[in-house]
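# Residue-level structural notes
Here is what each chain is made of, one letter per residue.
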Amino acid sequence: MELYLPIILDGATGSQLARCGYDGKTCAEKWTVDNPDSVLWLHDAYASAGSDIVYAPTFQANEAKLAEAGYAGFTDECNKILVGLSKKAVDGRCYVAGDISPIGKFIEPLGESSFDEIHDIYLGQIKAQDEAGVELFAVETQMTVPEARAAFLAARSIGDKPIFVSF
């Protein structure tokens, strides 16, 4: 499968999950794991509509965000399940990107987190996504260059897959 410009991405995952019953009161990634038909339906629809790339619903499936929601230690399993569901839904019709959000912690000297700490949080998520078979990474909605850099370097450290970064 080759990719040509322009590239058509999927749409707004959160609002579409709401159509499937997600109410926003719980961790979206855990809800999606518990409601796999939502991912199968959504990504099948996007692939059928002509998307070149769908984002696995792994936006906040990093250790920091999952721990805040009460799901510490669920990063590896969560990412692998959600990427697997996305790949199953699209069945080779388009690429699946690992979706990566801001962690929400500021790096020193503006905050209390070290660059290495943030890098390692991203690395855990990215390794799981890579093992699950994503074709690229989407580091999106970043607020600071240092955090985007940490995510980018974590992704680059495991290989040379394409990396989208947006602010």
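The structure we're discussing is the one just above.
Residues numbered from 1 in each chain as written. Predicted model: local features only at pLDDT ≥ 70, side-chain atom pairs only at ≥ 80, totals over all residues. Heavy atoms only, no water.

## Quick notes on the side chain of glutamate 147
Tracing the sequence through the fold places glutamate 147 in helix 7 (residues 145-157). In this structure the side chain of glutamate 147 is engaged in a polar contact, spanning 2.7 Å, whose partner is the side chain of tyrosine 122. In contact with glutamate 147, other than residues within four places in its own chain, are Pro102, Ile103, Gly104, Lys105, Ile107, Ile118, Tyr122 and Gln142. (Helix = DSSP H or I, 4+ residues; strand = E, 2+ residues; numbered from the N terminus. Polar contact = N/O pair within 3.5 Å; in protein donor to acceptor, adjacent residues only side chain to side chain. Contact = heavy atoms within 4.5 Å.)

## Comments concerning the nonpolar core
The biggest cluster of nonpolar side chains holds 29 residues, and the ones touching the most others in it are Tyr122, Ile126 and Phe137. The set of elements that each furnish at least two residues to this core consists of helix 3 (36-48), helix 5 (75-90), strand 2 (95-100), helix 6 (115-132), strand 3 (136-139) and helix 7. At 5 residues, helix 6 tops the list of elements feeding residues into this core. In contact with isoleucine 126, other than residues within four places in its own chain, are Ile100, Phe137, Ala151, Ala154, Ala155 and Ile158. Judged by nonpolar contacts, the second largest core, of 11 residues, contains Phe74, Leu82, Leu85 and Ala89. (Core = buried A, V, L, I, M, F, W, Y, C linked by side-chain atoms within 4.5 Å. Buried < 20%, exposed > 50% of the residue type's maximum accessible area, 1.4 Å probe, protein only.)

## Structural notes on the sheet that holds strand 2
Taking strand neighbours across the sheet as the criterion, the 4 strands line up as 1-2-3-4 in an open arrangement whose pairing is parallel. Unpaired on one side and paired on the other, strand 1 (53-55) and strand 4 (163-165) mark the two borders of the sheet. The average undirected angle you get between the axes of adjacent strands in this sheet is 25°. For strand 1 and strand 2, the ladder comprises 3 bridges, and the chain directions are parallel. The residue of strand 2 that forms the bridge with isoleucine 53 is tyrosine 95. (Pairing = 2+ DSSP bridges. Axes fitted to C-alpha atoms, helices over the stretch in contact; angles between N-to-C directions.)

## Some words on the pairing of strand 3
Consecutive side chains of a regular strand alternate in pointing toward one face of the sheet and then the other. In strand 3, alternate side chains face the same way, and those of Leu136 and Ala138 on one face and Phe137 and Val139 on the other are all buried. With 4 bridges joining them, strand 2 and strand 3 adopt parallel strand pairing. The residue bridging glycine 98 from the neighbouring strand is phenylalanine 137, located in strand 3. Chirality of the crossover, the property in question, places the unit of strand 2, helix 6 and strand 3 among those that are right-handed. As defined by bridge partners, strand 3 adjoins strand 4 across 3 bridges and the pair is classed as parallel. Bridge pairing in strand 4 links alanine 138 to phenylalanine 164. Between the parallel pair strand 3 and strand 4, the chain is carried across by helix 7, and the sense of this crossover is right-handed. (Right-handed = clockwise from strand over helix to strand, strands pointing away.)

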